[in-house]
Amino acid sequence: MPTSFDVVDLFAGPGGLAEGFSAFEAEGHRPFDIRLSVEKEASAHRTLRFRAFLRTCRDEHGAFPDAYYDFINRGGSEPDWAKLFPREWAEADHEAQRLELGTKVAEGIIDARIRDLRSRGRRSLLVGGPPCQAYSLVGRARNRGTTGYVPSEDHRHFLYREYIRILKTLEPDAFVMENVKGILSSSVDGAAVFERVLDDLRDAGYSLLALTQSEGRTTLREPAQPRDFVIRAETFGVPQARHRVIVIGVRNDVRSRISDLSAAVHLPIPPRACADDVLEGLPRLRSGLSRNDSEQAWRESISSQFDVARAAIATLPTEIRVWAMGELEDAASASRASNAPLQRSSSVPSSFGDQCPDELRAWLTDGRLTATMDHASRGHIETDLGRYLFCALFARAMDRSPKASEFPAALAPDHANWTSGKFADRFRVQRRGAPATTVTSHIAKDGHYFIHPDPVQCRSLTVREAARLQTFPDNYRFLGNRTEQYVQVGNAVPPFLARQIAAALYGALIL
């Protein structure tokens, strides 16, 4: 009988880790069963529960119910899933718990669930990671500016202790802990946070391993230094330069049975993927205007901003001006063409760039979808349209985003500190032929870091485009308003990467 593992997912967000682990197959068998997932934020929990519901409804071929595709493809009123599938909905509601870890209420519920899981006598796995705001470089800078902020009193620094407590209670065969790279340099009262975390994990009875790549394959190995735990998602076929700390632990008695890790785990490395591999093929959209939005108003605004960009480009150094002006005229011609994007949202079928690697394409694709979810542009102020246009043209000409010092005066934002050097990379284009920059929850606030590479569309990324860069399958539905959806996507672990972590762990654990 194939080996199966019960999985507990903490700080689950919308379910990126769970998606990768639950989707992993070995010899026609899905060995990782998500039994408990915990998230405190309401909209992320709704997304988490809905995906759990869909998993419970899968048929023997892994397909979701017809009713789901009918709703997505045809639109209209959403079915009452709890009435339509009462048993499956109840299972999902039992699996996905909205709880705040570290509270007495959460502790009681989780401990009871863990006792139930242990009574089943099955092997288990713990995944997840504590909130990263206190560890991230941006978060630490923000905290330093907060009056009265005391690091040693910030509970976010120590939520990993709840992870440790649950680890000791569950005693799983293995765990996966994810966090931002900033945790490597974070300290509290002079003590390195990450060193403390590693010591606690070892003291809990686990051997620590790092996912690494060498000689054209992925494997697990003993880390030589803390930086060995950093995973660069773009080297695992994710179309995004996302660098995160992933600590993998195997219980000491399990580890003692693995004589040769490199022999147990040797996975092929997926082909490199670029942003345009997954952005191209999605329906083209026009940007929105934050005020008085209409197709005619947008056409007038974009025409005006082309004139602004043309005058601005004329002031640039010759080596930039020649290329950028040529790109601008090409974009202006495309904008005037009859096939220019006029819609702010589109649900028509989508595809992929011609160079998208087959494995990534297959992972994202659902052949039963005839509509694209969550693909609607945001509204921008008119002057930002000019900046986005300039940035996209500059990126095409120079193969990089412009620095603040390279912005023509006519396009510079009216900010007192624009020339201070603090905002040198305030506007970033997702370049063609390269992985995207890191998708973060900041995308919910504005789109300046996430400009679409097509100058004609002149906008920031949609939720679906961000989700593709994060490798969420096209059939993954995000609940909540658009701001909440952006936050969910930005905070998640890329599921395509999570599936590779699952494959590596499975190779080690089944020995």
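Read on for an overview of the structure. (Residues numbered from 1 in each chain as written. Predicted model: local features only at pLDDT ≥ 70, side-chain atom pairs only at ≥ 80, totals over all residues. Heavy atoms only, no water.)

Glancing now at unusual backbone geometry. You will see that Glu 27, though not glycine, has its phi angle at about 55°, which is positive. As for its placement among the helices and strands, Glu 27 is situated in the loop between helix 1 (16–23) and strand 2 (32–39). (Helix = DSSP H or I, 4+ residues; strand = E, 2+ residues; numbered from the N terminus.)

End to end, helix 13 (residues 295–313) covers 26 Å across 19 residues, agreeing with the expected 27 Å (1.5 Å per residue, within 8%). Within helix 13 the residues assigned to the buried category are Ala 297, Trp 298, Ser 301, Ile 302, Gln 305, Phe 306, Ala 309, Ala 312 and Ile 313. (Expected span 1.5 Å × (residues − 1). Buried < 20%, exposed > 50% of the residue type's maximum accessible area, 1.4 Å probe, protein only.)

Within strand 11 (residues 243–251), seven of the nine residues are buried, which leaves it mostly tucked inside the rest of the structure. As defined by bridge partners, strand 5 (residues 174–180) adjoins strand 11 across seven bridges and the pair is classed as antiparallel. In the strand pairing of strand 11, Val 180 is matched with Arg 244. Of the pairings in the sheet, the one linking strand 8 (residues 206–214) to strand 11 comprises four bridges and is antiparallel in character. Its bridge partner being in strand 11, Tyr 206 is matched across the sheet by Arg 251. Alignment of strand 10 (residues 230–232) against strand 11, held across three bridges, turns out to be antiparallel. Paired with Val 230 across the two strands is Val 245, which belongs to strand 11. (Pairing = 2+ DSSP bridges.)

This structure, assessed with the given rule, holds 40 salt bridges. Between Glu 95 and Arg 55 there is a salt bridge whose closest N-O contact spans 2.7 Å. Note that Glu 95 is positioned in helix 5 (residues 86–95) and Arg 55 in helix 2 (residues 42–56), a separation of 40 residues in sequence. Of the two residues examined, Glu 95 and Arg 55, each falls in the buried class. Two residues, Arg 468 and Asp 474, come together in a salt bridge whose shortest N-O distance is 2.7 Å. A residue is classified by how much of its surface remains accessible, and Arg 468, at 0% relative accessible area, is buried. By relative accessible area, which is 9% here, Asp 474 ends up buried. The structure contains a network of salt bridges with shared partners spanning Asp 6, Asp 33, Arg 35, Arg 120 and Arg 122. (Salt bridge = Lys/Arg side-chain N within 4 Å of Asp/Glu carboxyl O.)

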